[in-house]
Structure formats: structure tokens, C-alpha cells
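Chain residues, written in single-letter form:
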Amino acid sequence: MPYTAQDFSKLLAMKDFSEALLQNHFTLYQGYVTNVNKLLESLDSLLKEGNIARPDYAEMKRRLGWEFNGMRLHELYFGNLGGTGTLAPRSSLSEKLAADFGSREAWEADFRATGAMRGIGWAVLYQDKSDGRLMNFWINEHDVGHPAGCAPILIMDVFEHAFMLDFGLKRAVYIDAFFANIDWTVVESRLT
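Structural notes, computed from the coordinates. (Residues numbered from 1 in each chain as written. Predicted model: local features only at pLDDT ≥ 70, side-chain atom pairs only at ≥ 80, totals over all residues. Heavy atoms only, no water.)

Observations regarding the nonpolar core
What counts, and what does not: Remark: nonpolar core denotes a set of buried residues (Ala, Val, Leu, Ile, Met, Phe, Trp, Tyr, Cys) joined through side-chain atoms within 4.5 Å. Here the term buried applies to any residue with accessible area under 20% of the maximum for its type, exposed to any over 50%, and partly exposed to those in between, with areas from a 1.4 Å probe on protein chains only. Strands are runs of DSSP state E lasting at least 2 residues, helices are runs of H or I lasting at least 4, and numbering of each runs from the N terminus.
Within the largest apolar cluster, 56 residues are counted, with the highest numbers of intra-cluster contacts made by F17, Y77, F111, L154, Y174, F178 and W184. In terms of residues, this core owes the most to one element, helix α1 (residues 19-49), which gives 10 residues.

Some details on the packing of aromatic side chains
For clarity, the cut-off: Aromatic rings from Phe, Tyr and Trp, with only the six-membered ring used for Trp, were paired whenever their centres fell within 6.5 Å, and each pair was classed as stacked if the ring planes differed by under 30 degrees, edge-to-face if by over 60, and tilted otherwise. Here, a charge over a ring means that NZ of Lys or CZ of Arg falls within 6 Å of the ring centre while also lying within 35 degrees of the ring normal.
For the structure on display, the rule yields 19 aromatic pairs. Between the aromatic rings of F178 and F179, the centroid separation amounts to 5.9 Å while the plane-to-plane angle is 85 degrees, which identifies the pairing as edge-to-face. When sorted by exposure, F178 lands in the same class as F179, which is buried. Here a set of aromatic residues connected by ring pairs shows up, and it is made of F8, F26, Y29, Y77, F78, W107, F111, W122, F159, F178, F179 and W184. Over the face of the ring belonging to W184 we find R104, whose NZ or CZ atom lies 5.7 Å from the ring centre.

Thoughts on the pattern of salt bridges
This is how it is decided: Salt bridges, as used here, are contacts in which a Lys or Arg side-chain nitrogen is within 4 Å of a carboxyl oxygen on Asp or Glu.
One pass over the structure, following the stated rule, counts 10 salt bridges. Put simply, R72 and E75 hold a salt bridge, and the shortest N to O gap is 2.6 Å. Residue R72 and its partner E75 are both found in helix α2 (residues 55-79); the two are separated by three residues, about one turn of the helix. In this structure, the salt-bridge partner of R112 is D176, at a minimum N-O distance of 2.6 Å. In this pair, R112 is assigned in helix α4 (residues 104-116) and D176 in helix α6 (residues 171-180), connecting sequence segments 64 residues apart.

Considering the packing of α4 against α6
Put simply, the test is: Whenever a helix is involved, its axis is fitted only over the stretch in contact; in every case the axis is a line through C-alpha atoms, and angles between N-to-C directions fall within 0 to 180 degrees. Orientation categories follow fixed angle ranges, with anything under 35 degrees roughly parallel, anything over 145 roughly antiparallel, 65 to 115 roughly perpendicular, and all other angles oblique. We call a crossing left-handed when the near helix sits turned anticlockwise from the far one by less than a right angle, and right-handed when that turn is clockwise. In what follows, a contact means two residues having at least one pair of non-hydrogen atoms within 4.5 Å. Just so you know the grouping, Ala, Val, Leu, Ile, Met, Phe, Trp, Tyr, Cys and Pro go in nonpolar, Asp, Glu, Lys and Arg go in charged, and all remaining residues, Gly too, go in polar.
Their axes nearest at 10 Å, the elements α4 and α6 cross at an angle of 135 degrees. The orientation of α4 relative to α6 falls into the category oblique. Read as a crossing pair, α4 and α6 show a hand that is right-handed. Of the residues in α6, those in contact with W107, E108, F111, R112, G115 and A116 of α4 are R171, I175, D176, F178 and F179. Residue classes in the contact of α4 with α6 are distributed as six nonpolar, one polar and four charged.

Topic: the layout of surface pockets
Rule in force here: Here the term cavity refers to a set of points on a 1 Å grid, laid over the protein atoms alone, in which a 1.4 Å probe fits but cannot get out; the term pocket refers to an open set having protein on both sides within 12 Å along at least five of seven lines, with lining residues being those that place an atom within 4 Å of a point. Grid points are joined across faces, edges and corners, and a volume is the space filled by probe spheres set on the points.
The volume enclosed by the largest pocket comes to roughly 160 Å³. In terms of residues, the lining of the largest pocket owes the most to one element, α2, which gives five residues. Residue classes in the lining of the largest pocket are distributed as seven nonpolar, two polar and one charged.

Concerning the sheet that holds strand β3 (residues 150-157)
The condition that has to hold: In this scheme, strands are said to pair when DSSP sees at least two bridges between them.
Spatially, three strands are ordered β2-β1-β3 in an open sheet, and the strand pairing comes out antiparallel. Two strands lie at the open edges of the sheet, namely β2 (134-139) and β3, each paired on one side alone. Going across the sheet, the axis of each strand differs from the next one's by a mean of 25 degrees, ignoring polarity. Relative to β3, strand β1 (residues 122-128) runs antiparallel, the two being bridged by seven bridges. Each residue of the ladder has a partner; that of L125, found in β3, is L154. Against the sheet, α2 contacts β1 and β3, and its axis sits at roughly 70 degrees relative to β3.

Structural notes on the environment of I139
Note that I139 resides in strand β2. You can call I139 buried: its relative accessible area is 0%. Between the C-alpha atoms of I139 and L169, which are 30 residues apart in sequence, the distance is 20 Å. Contact partners of I139, with chain neighbours within four places excluded, come to I120, G121, W122, V124, Y126, V144, G145, H146 and P147.

Quick look at the pairing of β1
Burial analysis of β1 places seven of its seven residues in the buried class, which makes it a mostly covered element. Of the two faces of β1, the one holding W122, V124, Y126 and D128 and the one holding A123, L125 and Q127 are both buried throughout. Pairing between β1 and β2: six bridges, direction antiparallel. Bridging from a neighbouring strand, A123 pairs with W138 of β2.

By themselves, these observations are geometric and do not establish any function.
Structural data, given as C-alpha cells:
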């Protein structure tokens, strides 16, 4: 069964993000969904034909991780936007951030610094499923660098397409706008 792009049009009214930037971003995301479906269909055909020892099969398998994670990371990113940017100080997530980073402010400083690093990629707050610990990671490519056994809790896209149209080279201003629009209810629901 093919994947279907989710509708994130509710974000079009989001503060500080233009409709043009969001529409472009949604189109990019829809391309990942389309490419995942095409790759899965092609791989399935080659498998059924017994043509799995071919270089094109191997390259499609390699490409699938990029396209699939591009699809999922965008879904998680858009999914954790559209809120008021306010995390309740006594919420379980706020308390967990304070416990794992020393304070919620220390976590936020680390997450912002991760997102402000030079380069393209993602800043992701992960929860290690083995011990529950929260950690911020820089993910350079969609399919490289994800910590095994960890679940993404908060995702910030820091590829240029996520901010250049509205914020130019002012990544820090984009990060401020991102934080002002986090839906902490969604983020907290991802915590186990």
C-alpha cells in the first residue's frame, strides 16, 4: 500500500512563516513521499522478477533510506509545529529535560546551538529507548547519523529550504520563530 502525504495546511496561518515558504516546504515533502512509493514499487518489481543482484537494485535500496527518512523527518517536523511555543514548567517533558541536561534552559541552549551549527541537516532531540535519556543530535543527512535505538522527540529542519525564503541567512531568527511555534503537546506525546 503506497504512502500518502499528510496534510499540514493548518500550519499556513503559523506566525512568522510565510505561505510561500510553507507551500514550498510541503511540496518538497510530497516529493519524498512520491519517491518512497516509486522506489518501493520498483524494488518490489525487481524482487518479483528475481533481479536483486543488479546494481540498480542496490542503488535503489541505498536511496530508499534517504527518501524514507526525508519523508518521516518532515512529518515529525511539521507535526511538532503549530503551537504556542510554551512548555509548561511542571510538565513531564520539562522535568525530564531538566533532569537530563541540568536545567531546561541548558537543554534549550544546547538544542539551539546544535541547530545553529554551520551546515545543512536537522537538530533532533532523541530519547534513548534503553534508559530514557534525552540527547540532542545533529543529523547531517536524512539517512546518516541517527542514534540506534532512539526515538525522535523534537525535530528542527535546518536545511536552507526551511528558512532562507523568509529569514535569509539569519538562521538564529528562524530558530527563534521555530521555538515560538512548537506544539509542546505533540512533542511531549512522543516521550515514553
